[in-house]
2 protein chains.
Amino acid sequence: MNSSLAELFGRISQGVYVVGVAAGERRNAFTAAWVMQTSFDPPMVALSINPAHSSFQLLEQGRNFTVNVLADDQLGLAAHFGKPASADKLAGQAWRPAPGGAPILRDALAWLDCRLDAVVNSGDHRLVTGVATGGSIQRPDSQPLLYRDTGALDGSAALYPAAFPAP
Amino acid sequence: MNSSLAELFGRISQGVYVVGVAAGERRNAFTAAWVMQTSFDPPMVALSINPAHSSFQLLEQGRNFTVNVLADDQLGLAAHFGKPASADKLAGQAWRPAPGGAPILRDALAWLDCRLDAVVNSGDHRLVTGVATGGSIQRPDSQPLLYRDTGALDGSAALYPAAFPAP
């Protein structure tokens, strides 16, 4: 079968998150799907981020981040925080700083506050791990939004190569 | 709100996979939920694995692995490959070797063949990245199994600490 790489990788299940970063008083937040747990004890997560994104610099400087889990009725928040970081995407949004300084969205299904642990190159992204030092479920009866249910929101199909690289 | 860490991390959406490893003629496969994409070009994935697992040695030696995506009707396969690696879990299963040698399950929804790129410590696990060099969708009309729909299959709630570590 010939399926495109975008179709194939679409079978890997991901949620949708607004990742918050902070360095001093500078803050930003962006929509991400590439988030997963990587350890039970200590509880850790990994996040794959485009290093060309201005938030990556804040992340490296501030060395902490939040993971805001979006619910299945929050496609609008996903689109808002998925926009390029031209304007202040946090302006007009309901948020508060986590202990580490990164933003917690008031209406997120759940959130984690994380301390950066390691950064490793991963192709066109950087894979960042962090230890979760706090967090809470804010909407216990809601279901998490799945990336596959966001459709072509982020236009990512154009970012894949036409074929697999050679082994 | 006080929610347990298991409940909180359960809001991070994950699929369910059978990860195959091979080193020479030695092969194994195990059920994993901590798999995600980490790069578009080259296409890459990350996998978080318990280093005490015998498959981790095969992975480090053979330096390649497969990711078999399970469908929502394959909870039985998830349970089978989630058992401790006492007996040969591949015996009696329908599989073939990928170009890299690791097993592709005949009935998986989709599969990827990956070349190991990096290994980084991540708490009680090791985070492994790999470049996908092949793959296919085998069941285009099936839905991927979600980890949250496997219930307490793996007993993982007992693996979390009682509280977050200090910042």
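Structural notes, computed from the coordinates. (Residues numbered from 1 in each chain as written. Chains lettered and ligands numbered in written order. Predicted model: local features only at pLDDT ≥ 70, side-chain atom pairs only at ≥ 80, totals over all residues.)

Structural notes on the interface of chain B and chain A
- Residue-level contacts link 55 residues of chain B with 55 residues of chain A.
- Only helix H1 (5-9), strand E3 (35-39), strand E4 (44-49), strand E8 (110-122) and strand E9 (125-137) of chain B provide two or more residues apiece to the side of chain B that touches chain A.
- Counting residues per element, the side of chain B that touches chain A draws most heavily on E9 of chain B, which supplies 10 residues.
- Grouping the constituent residues of the side of chain B that touches chain A by class yields 32 nonpolar, 18 polar and five charged. (Contact = placed C-beta atoms within 7 Å. Helix = DSSP H or I, 4+ residues; strand = E, 2+ residues; numbered from the N terminus. Nonpolar A, V, L, I, M, F, W, Y, C, P; charged D, E, K, R; others polar.)

Description of the pairing of strand E2 (residues 26-32) of chain B
All names here are of chain B.
- Counting buried positions over the seven residues of E2 gives six, a clear majority of the element.
- One ladder, built from seven bridges, connects strand E1 (residues 17-23) with E2; its direction is antiparallel. Residue Tyr17 lies in a different strand from E2, and its bridge partner there is Ala32.
- Between E1 and E2, which pair antiparallel one after the other, the connecting turn spans two residues, and Gly24 there sits at a positive phi close to 60°. (Buried ≥ 20, exposed ≤ 12 C-beta atoms within 10 Å, placed from the backbone. Pairing = 2+ DSSP bridges.)

Notes on the relation of the copies chain B and chain A
- Under the fitted operation, chain B is carried onto chain A by 0.0 Å of movement along the axis and a turn of 180°, and the coordinates agree to an RMSD of 0.0 Å. Classification of the inter-copy transformation places it as that of a two-fold axis. Closest approach to the rotation axis among the C-alpha atoms of chain B is made by Gln14 of chain B, whose C-alpha sits 2.9 Å away.
- Of all interface residues in chain B, 100% are interface residues in chain A too; the two copies therefore contact each other through one and the same surface. (Least-squares fit on C-alpha atoms with pLDDT ≥ 70 in both.)

Observations concerning the nonpolar core
- Leu70 of chain A together with Leu70 of chain B are the most contacted members of the largest nonpolar core, which totals 98 residues.
- Ignoring anything within four residues of it in the chain, the contact list for Leu70 of chain B reads Val16, Tyr17, Val18, Leu77, Ala78, Ala108, Leu109 and Leu145 of chain B. (Core = buried A, V, L, I, M, F, W, Y, C linked by C-beta atoms within 7 Å.)

Focus: the sheet that holds strand E2 (residues 26-32) of chain A
Residue and element names in this part refer to chain A.
- Spatially, E2-E1-E5-E8-E9-E4-E3 is the arrangement adopted by the seven strands of the open sheet, whose pairing is antiparallel. Edge strands, defined here as strands with exactly one partner in the open sheet, are E2 and strand E3 (35-39). Between one strand axis and the next, the sheet turns through 35° on average, direction left out of account.
- Relative to strand E9 (residues 125-137), strand E8 (residues 110-122) is paired through 12 bridges, and the arrangement is antiparallel. When the sheet's bridge partners are listed, Trp111 is paired in E9 with Ser136.
- Along the sheet face, helix H2 (residues 54-62) touches strand E1 (17-23), E2, strand E4 (44-49), strand E5 (64-69), E8 and E9 and points at about 55° away from the line of E1. (Axes fitted to C-alpha atoms, helices over the stretch in contact; angles between N-to-C directions.)

Quick look at H2 of chain A
All names here are of chain A.
- Among the residues of H2, Ser55, Leu58 and Leu59 are the ones counted as buried. The buried side chains of H2 occupy one side of the element, clustering within an arc of 100° when seen end-on.
- Looking at the buried side of H2, the elements it contacts are E1, E2, E4, E5, E8 and E9.
- Two residues or fewer after H2 comes Arg63, characterised by a positive phi angle close to 55°. (Arc of directions from axis to C-beta.)

Things to note about unusual backbone geometry
Residues and elements named next belong to chain A.
- The linkage connecting Asp41 with the following residue, Pro42, adopts the cis geometry, with an omega of 0°.
- At Arg63, a residue that is not glycine, the phi angle is positive and equals roughly 55°.
- Inspection of the secondary structure puts Arg63 in the loop between H2 and E5.

Thoughts on the sheet that holds E4 of chain B
Residues and elements named next belong to chain B.
- Pairing in this open sheet of seven strands is antiparallel, and the strands run E2-E1-E5-E8-E9-E4-E3 from one edge to the other. Every interior strand has two partners, whereas the edge strands, E2 and E3, have only one. Here the average twist between neighbouring strands, direction ignored, is 35°.

Examining the environment of Asp72 of chain B
All names here are of chain B.
- The residue Asp72 is located in the loop between strand E5 (64-69) and helix H3 (75-81) in this model.
- For the pair Asp72 and Met44, spaced 28 residues apart in sequence, the C-alpha separation works out to 24 Å.
- Each residue touching Asp72, except ones within four places of it in the same chain, is listed here: Gln143, Pro144 and Leu145.

Focus: the pairing of E1 of chain B
Residues and elements named next belong to chain B.
- E1 sits mainly inside the fold: six of its seven residues count as buried.
- Bridge count between E1 and E5: five bridges; the pairing is antiparallel. Looking at E5, one finds that Val21 is bridged to Phe65.

Shape is all these values report; function is a separate question.
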